[in-house]
Amino acid sequence: MRRAIYPGSFDPVTNGHLDIIERSCKLFDEIVVAVLDNPDKNPLFSVPERCAMISEVLPLVKHHGCNLVVEDFAGLTVDFAVKKQAIAIVRGIRAISDYEYELQMASMNRRLGPEQETVFLMAAEKYSFVSSKLVKQVFALGGAVGGLVPASVEEKLKEKLH
Ligand code: PNS
């Protein structure tokens, strides 16, 4: 059983996240989508809301037989990875600008948990500019986010922001 965790804020989940999950499915037997419970980040959606949104859209992912699970966690990502007996931490890279921060996190995570490898996957070019933060900002200002997030997430944004 080769299990990986895919940690993030997912506030909310975007099509870019789903693209990374789909790619990870080709590499692992199980992916635990790990939703960070961190009130300091002042999230738009609560942890249960974020988990529910992800669970609702995971059936859209071509999972290639990989088992997909959603769980929330607090504290260190590495501790959660160890708890789940995961061999890897998956992170998506969109552009070179992501690399510096991701390298810093991966290096710290390697120091904290040398057994867990960080696996970077490149998002599809069409999602290279998509982030939860920009999606929220654009949507709040009346811009179109169709194609950037699943339709059900767009509905939830509507309920929350309009
Ligand atoms: O989707 P995000 O917000 O870019 O995800 C960032 C996340 C959740 C992966 C990162 O903030 C994290 O791992 N937080 C948990 C605390 C932790 O482990 N910190 C040390 C890693 S350097």
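Here the residue numbers are simple positions, counted from 1 along each chain's written sequence. Residues qualify for local features only when their pLDDT is at least 70, as the model is predicted, and side-chain atom pairs are given and counted only at 80 or more; totals for whole chains, interfaces and linings, by contrast, use all residues. Only hydrogens and water are set aside; all other atoms, that is, all heavy atoms of the structure, feed into the side-chain values.

What to know about the site of the ligand
Then comes step 1: Around the ligand sit Gly8, Ser9, Leu36, Lys41, Gly75, Leu76, Thr77, Arg91, Met105, Met108 and Asn109, and that is every residue in its neighbourhood.
Then comes step 2: At a separation of 2.7 Å, an oxygen atom of the ligand approaches a polar side-chain atom of Lys41.
Then comes step 3: Protein coverage of the free-state accessible area of the ligand, which is 540 Å², stands at 76%.
Then comes step 4: Helical segments are the DSSP runs of H or I of at least four residues, strand segments are the runs of E of at least two, and each set is numbered from the N terminus. At three residues, helix α4 (residues 96-112) tops the list of elements feeding residues into the shell around the ligand.
Then comes step 5: Residue polarity follows a fixed list, in which Ala, Val, Leu, Ile, Met, Phe, Trp, Tyr, Cys and Pro are nonpolar, Asp, Glu, Lys and Arg are charged, and the others, Gly among them, are polar. Looking at the shell around the ligand residue by residue, the classes come out as four nonpolar, five polar and two charged. The cutoff for a nearby residue is simple: one of its non-hydrogen atoms must lie within 4 Å of the molecule or strand. Counting of polar contacts relies on pairs of N or O atoms within 3.5 Å, with two restrictions inside protein: one atom must be capable of donating a hydrogen and the other of accepting it, and residues adjacent in sequence are counted only when both atoms are side-chain atoms. Accessible surface is estimated by sampling points in the Shrake-Rupley manner with a 1.4 Å probe; for residues, cover comes only from the protein chains shown.

Let's talk about the pairing of strand β2 (residues 30-36)
Then comes step 1: Extensive coverage of β2 is indicated by the burial of seven of its seven residues.
Then comes step 2: When a residue's accessible area, from a 1.4 Å probe over protein chains only, is under 20% of the maximum for its type it is buried; when over 50% it is exposed; and in between it is partly exposed. Of the two faces of β2, the one holding Glu30, Val32, Ala34 and Leu36 and the one holding Ile31, Val33 and Val35 are both buried throughout.
Then comes step 3: Strand direction decides the pairing type here: strand β1 (residues 3-8) and β2, joined by six bridges, are parallel. Bridging from a neighbouring strand, Gly8 pairs with Val35 of β2.
Then comes step 4: Remark: the β1/helix α1 (residues 15-25)/β2 crossover connection has right-handed handedness.
Then comes step 5: Any two strands between which DSSP finds at least two bridges are classified as paired. By the bridge criterion, seven bridges tie β2 to strand β3 (residues 67-73) in an arrangement that is parallel. For crossovers, right-handed means that the path from the first strand over the helix to the second runs clockwise, given strands pointing away from the viewer.

Quick notes on the packing of aromatic side chains
Remark: the centre distance and the inter-plane angle together describe each pair of aromatic rings, the angle taken between the planes.
Then comes step 1: The criterion for an aromatic pair is that two Phe, Tyr or Trp rings (for Trp, the six-membered ring) have centres within 6.5 Å, with stacked assigned to planes under 30 degrees apart, edge-to-face to planes over 60 apart and tilted to the rest. Taken as a whole and judged by the stated rule, the model has two aromatic pairs.
Then comes step 2: Taking the centre distance of 5.3 Å and the plane angle of 75° together, the rings of Tyr6 and Phe10 count as edge-to-face. Here Tyr6 and Phe10 have matching classes, each one buried.
Then comes step 3: A centroid spacing of 5.1 Å and a plane angle of 25° characterise the contact between Phe73 and Phe80, whose relative ring orientation is stacked. An identical accessibility class is assigned to Phe73 and Phe80; each is buried.

Thoughts on unusual backbone geometry
The general pattern is negative phi for most residues beyond glycine and trans for most peptide bonds.
Then comes step 1: A cis geometry characterises the amide bond from Asp11 onward to Pro12, with omega recorded as 5°.
Then comes step 2: Within the fold, Pro12 resides in the loop between β1 and α1.
Then comes step 3: Despite not being glycine, Phe10 has its phi angle at roughly 50°, a positive value.
Then comes step 4: Relative to the helices and strands, Phe10 is located in the loop between β1 and α1.
Then comes step 5: We note that His64 has phi near 50°; this positive angle belongs to a residue other than glycine.
Then comes step 6: Tracing the backbone through its elements, the reader meets His64 in the loop between α2 (47-57) and β3.

Concerning a nonpolar patch on the surface
Then comes step 1: A surface patch of nonpolar side chains, amounting to about 400 Å² of accessible area, comprises Ile96, Tyr99, Leu103 and Phe120.
Then comes step 2: Looking at the nonpolar patch element by element, the count peaks at three residues for α4.
Then comes step 3: By secondary structure assignment, the location of Tyr99 is in helix α4.
Then comes step 4: On the basis of relative accessibility, which here comes to 38%, the residue Tyr99 falls in the partly exposed class. Patch criteria: residues need more than 30% relative accessible area and no salt bridge. Like-charged residues are merged within 9 Å; nonpolar side chains of Val, Leu, Ile, Met, Phe, Trp and Tyr are merged within 5 Å. Between Lys or Arg on one side and Asp or Glu on the other, a salt bridge is scored when a side-chain nitrogen of the former is within 4 Å of a carboxyl oxygen of the latter.

So far we have only geometry, and geometry alone does not tell us how the molecule works.
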